[in-house]
Amino acid sequence: MSKDGPGPIERYFQILEAVAASNDGLTLTQITTITDLPKPTAHRLTRALVEAGALSVDDSWYKTFRIGSRMWRMLYLGQNTDSVRTCAQLVVDDLANELHETCYIVRLGRQHIRSIARSAPDQGHRLHVLPGKSCQATLPPAPRRYSPFKTMHS
């Protein structure tokens, strides 16, 4: 931190940390109180974070900021596969029971796709890839249009 106050990146992180620490999200007024940033600065930074997907905001009168989908994706990507596997197994079990289909959760790597959890419904196993096994990504060497940082709807 410089003698003139926090730098631009530090101010973004102050907002992200404050919002991440709140259970119910924060309003702009709460963010300015916690971070000690001027309201116009906090407004500009939160707007940029929402546009980048790092924060999400509801459309109520008092807008509440929460951690956004891009930030959750970054947090997930930074997790060790073993620490994610238990939680992923619970999710995929529920999904397989609801859909009555074999379901997988996979993790996209640079050169491969790794299955980290799978579940088959009670009526039989249609298992093709076991958790912990890797499959070679079969995309052509041409520039890819897919980005793990974009949602299917963006």
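In case you missed it, the structure is sitting above this.
Residues numbered from 1 in each chain as written. Predicted model: local features only at pLDDT ≥ 70, side-chain atom pairs only at ≥ 80, totals over all residues. Heavy atoms only, no water.

Novice: What is the right way to read the overall build of the chain from this model?
Specialist: A tally of regular secondary structure across the chain gives five helices and five strands. Put simply, the chain runs from its N terminus to its C terminus through helices and strands in the order α-α-α-β-β-α-α-β-β-β. Counting all 154 residues of the chain, 28% fall into the buried class. At a minimum sequence separation of 6, the contacts of the chain that also span at least 24 residues come to 42%. Approximately 11200 Å² of the chain is accessible, and the part contributed by carbon and sulfur atoms is 56%. (Helix = DSSP H or I, 4+ residues; strand = E, 2+ residues; numbered from the N terminus. Buried < 20%, exposed > 50% of the residue type's maximum accessible area, 1.4 Å probe, protein only. Contact = heavy atoms within 4.5 Å. Areas by Shrake-Rupley, 256 points an atom, 1.4 Å probe, with all protein chains shown as cover.)

Novice: What am I meant to see in unusual backbone geometry here?
Specialist: Excluding glycine, most residues fall at negative phi; most peptide bonds, likewise, are trans. Of note in the backbone geometry, Asp36 takes a positive phi value of approximately 60 degrees without being a glycine. Here Asp36 shows up in the loop between α2 (28–35) and α3 (39–52). Given the relative accessible area of 69%, Asp36 is considered exposed.

Novice: Sorry if this is basic, but what is going on with the nonpolar core here?
Specialist: Within soluble globular proteins, side chains that are nonpolar generally end up buried alongside one another. One finds Ile15, Leu16, Val19, Ile31, Leu49, Leu55 and Phe65 to be the most contacted residues of the largest nonpolar core, which totals 16 residues. Of all the secondary structure elements, the ones that give two or more residues to this core are α1 (8–21), α2, α3 and β2 (65–67). Those residues in contact with Leu16 that sit more than four places away from it in its chain are Leu49, Ala54, Leu55, Ile67 and Met71. Counting seven residues, the second-largest nonpolar core is a separate cluster that includes Val84, Val92, Ala96 and Ala117. (Core = buried A, V, L, I, M, F, W, Y, C linked by side-chain atoms within 4.5 Å.)

Novice: What am I meant to see in the side chain of Thr46 here?
Specialist: For Thr46, the location among the structural elements is in helix α3. By relative accessible area, Thr46 is classed as buried at 1%. Here the side chain of Thr46 touches His43 through a polar contact of 3.0 Å, landing on its backbone oxygen. The residues touching Thr46, leaving out its near neighbours within four places in the chain, are Ile15, Leu28, Ile31, Leu55 and Phe65. (Polar contact = N/O pair within 3.5 Å; in protein donor to acceptor, adjacent residues only side chain to side chain.)

Novice: Honestly, a nonpolar patch on the surface in this entry has me stumped. Any pointers?
Specialist: Together, Val106, Leu108 and Ile113 make up a nonpolar patch on the protein surface, roughly 210 Å² of accessible area in all. Here Ile113 shows up in strand β4 (residues 112–119). The partly exposed category is assigned to Ile113, whose relative accessible area is 30%. (Patch = residues over 30% accessible without salt bridge, like charges linked within 9 Å, V, L, I, M, F, W, Y side chains within 5 Å. Salt bridge = Lys/Arg side-chain N within 4 Å of Asp/Glu carboxyl O.)

Novice: Any chance you could explain the packing of α2 against α3 here in plain terms?
Specialist: Angle between the axes and distance between the axes: these two values describe a pair of packed helices. Viewed as axis vectors pointing N to C, α2 and α3 meet at an angle of 115 degrees, and their least axial separation amounts to 9 Å. Judged on the interaxial angle alone, α3 and α2 are roughly perpendicular. For α2 against α3, the interelement crossing comes out right-handed. Every residue of α3 that contacts α2 at Leu28, Thr29, Ile31 and Thr32 is listed here: Lys39, Ala42, His43 and Thr46. When grouped by side-chain class, the residues that make up the contact of α2 with α3 number three nonpolar, four polar and one charged. (Axes fitted to C-alpha atoms, helices over the stretch in contact; angles between N-to-C directions. Parallel < 35°, antiparallel > 145°, perpendicular 65-115°, else oblique. Left-handed = near helix turned anticlockwise from the far one by under 90°. Nonpolar A, V, L, I, M, F, W, Y, C, P; charged D, E, K, R; others polar.)

Interpretation note: all reported values are geometric properties and have no functional meaning in isolation.
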